[in-house]
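Coordinate inspection notes
Each chain is listed here by its residues.
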Amino acid sequence: MTSPDPLSEIAGAAPQRRGFGIDVGGSGIKGAIVDLDTGQLIGERIKLLTPQPATPSAVAKTIAEVVDAFGWTGPLGVTYPGVVTHGIVQTAANVDKTWIGTNARDVISAELNGQHVTVLNDADAAGLAEERYGAGKGHAGLVVLLTFGTGIGSALIHNGTLIPNTEFGHLEVGGREAEQRAASSVKERKGWSYEKWTKQVTRVLVAIENAIWPDLFIAGGGISRKADKWVHLLENRTPVVPAALQNAAGIVGAAMASTTDVTH
C-alpha cells in the first residue's frame, strides 16, 4: 500500500511534525512549511513583494496569497518587523504607521477565514530558531541573538524560553543608541574597516553582558555571512558565534511559535 504521506512516513517512521511560518519584511513576504523536528524547510519557500504602502490590510492579503499557494489550513506563525505584545502592534519602522495599535492576529486571521495566527517580532523568531536548531543548539542558559542590519534587532532566550520584545538596539551606550554605533549600516555608511566597526560592536556587547550576563551571543544579519572577517576581532568576554540558519530563521521561528503562543 502506498504511504498516505511519503514526506513524513518513510519505512515506518513517525509522522513529521510540521508548522507553517511567514516572515514579513520591509521588501518581501516569504513563507514555507517547516519540519519542526529538524528545523528544515519542506520544499521551496515562496516570496512575494511587500505591498506599498504596507498597510495591515494589504500585508494580510499578501500573507493570504502565500498561505493559499501551499494550501495550508492549520495554525501558522507570522513575524512582524517591530514590537508585538499580545498580538497588538506597538511600533512600525519599516511598514505603514497604521499598524500601530492594530491587532495583527485578528487582521491576518480574518483574511485567512479564521485560521489561528501567532504574531511575533522578527528577531524573536530568528532567535527561537537559532537556539533550537542553529548556532545556539545545545547551549543552556541565557542566549542573546543580535541581528546587525539597518538597525540592531535582538532576541533573549533563557533555557529555551523566549523573553519577547527586547530592544537592545535602542540601549544607550556611551550617550548614543547601540544601533547608531554598531549596526552594519553604520559601517557601510562611514566606510569603516572591520577593525574599526568591531570596536563599536564590542562596546555594545559589553553593555549588554554587564547588564544580564548572557552565556552566548549569536550574531545574525547579513554581515554574519562574513563572520570570519570580524567575529574574532571582538573583545567582549562572552562567546560570540555566527547565526547558522540565515534567511530561513524567521520562517522557522514563526512556525515554531505557531505551536506555542510566545507573544505574551
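The following refers to the structure shown. Bear in mind that the values here come from a model prediction, so they are computed numbers and not experimental data.

1. Overview of helix H2 (residues 104-111)
The complete set of buried residues in H2 reads Ala104, Ile108 and Ser109. Considered in projection along H2, the buried side chains sweep an arc of 120° and stay on one side of the axis. In H2, those exposed residues whose orientation departs by more than 90 degrees from the buried face are Asp106 and Ala110. For H2, the secondary structure elements touched by its buried residues are helix H1 (56-70), strand E4 (76-80), strand E6 (88-89) and strand E7 (117-121). Near the N-terminus of H2, the side chain that reaches the backbone nitrogen of arginine 105, with its oxygen 3.2 Å away, is that of asparagine 103. Backbone geometry just after H2 places asparagine 113 at a positive phi near 55°.

2. Here's the deal with empty space enclosed by the protein
As enumerated under the stated definition, the model contains 1 cavity of 30 Å³ or more in all. Around the largest cavity sit Val24, Val59, Ile63, Val78, Thr79, Tyr80, Trp99, Ile108 and Val119, which together line it. Sorting the residues of the lining of the largest cavity by element identifies H1 and E4 as the ones contributing at least two each. The residue inventory of the lining of the largest cavity, partitioned by class, reads 8 nonpolar, 1 polar and no charged.

3. Section: the pairing of strand E2 (residues 28-35)
Side-chain positions along a regular strand alternate between the two faces of the sheet. Here E2 lies mainly inside the structure; 8 of its 8 residues are buried. Residues Gly28, Lys30, Ala32 and Val34 of E2 are buried on one face, and the alternating residues Ile29, Gly31, Ile33 and Asp35, pointing to the opposite face, are buried as well. Sheet topology places strand E1 (residues 18-24) next to E2; 7 bridges connect them, and they run antiparallel. Each bridged residue has a counterpart across the sheet, and for isoleucine 22 the counterpart in E2 is glycine 31. Counting the residues in the hairpin turn of E1 and E2 gives 3 residues. Here 7 bridges tie E2 to strand E3 (residues 40-49), and the two strands are oriented antiparallel to one another. The residue bridging lysine 30 from the neighbouring strand is lysine 47, located in E3. Hairpin connection from E2 to E3: 4 residues lie between these consecutive antiparallel strands, with glycine 39 at a positive phi of about 80°.

4. With respect to the side chain of serine 184
Note that serine 184 resides in helix H5 (residues 184-190). By relative accessible area, serine 184 is classed as buried at 12%.

The rules behind the values
- Residues numbered from 1 in each chain as written.
- Predicted model: local features only at pLDDT ≥ 70, side-chain atom pairs only at ≥ 80, totals over all residues.
- Heavy atoms only, no water.
- Buried < 20%, exposed > 50% of the residue type's maximum accessible area, 1.4 Å probe, protein only.
- Helix = DSSP H or I, 4+ residues; strand = E, 2+ residues; numbered from the N terminus.
- Arc of directions from axis to C-beta.
- Contact = heavy atoms within 4.5 Å.
- Polar contact = N/O pair within 3.5 Å; in protein donor to acceptor, adjacent residues only side chain to side chain.
- 1 Å grid on protein atoms, 1.4 Å probe; cavity = no way out; pocket = protein on both sides within 12 Å on 5 of 7 lines; lining within 4 Å.
- Points joined across faces, edges and corners; volume = space filled by probe spheres on them.
- Nonpolar A, V, L, I, M, F, W, Y, C, P; charged D, E, K, R; others polar.
- Pairing = 2+ DSSP bridges.

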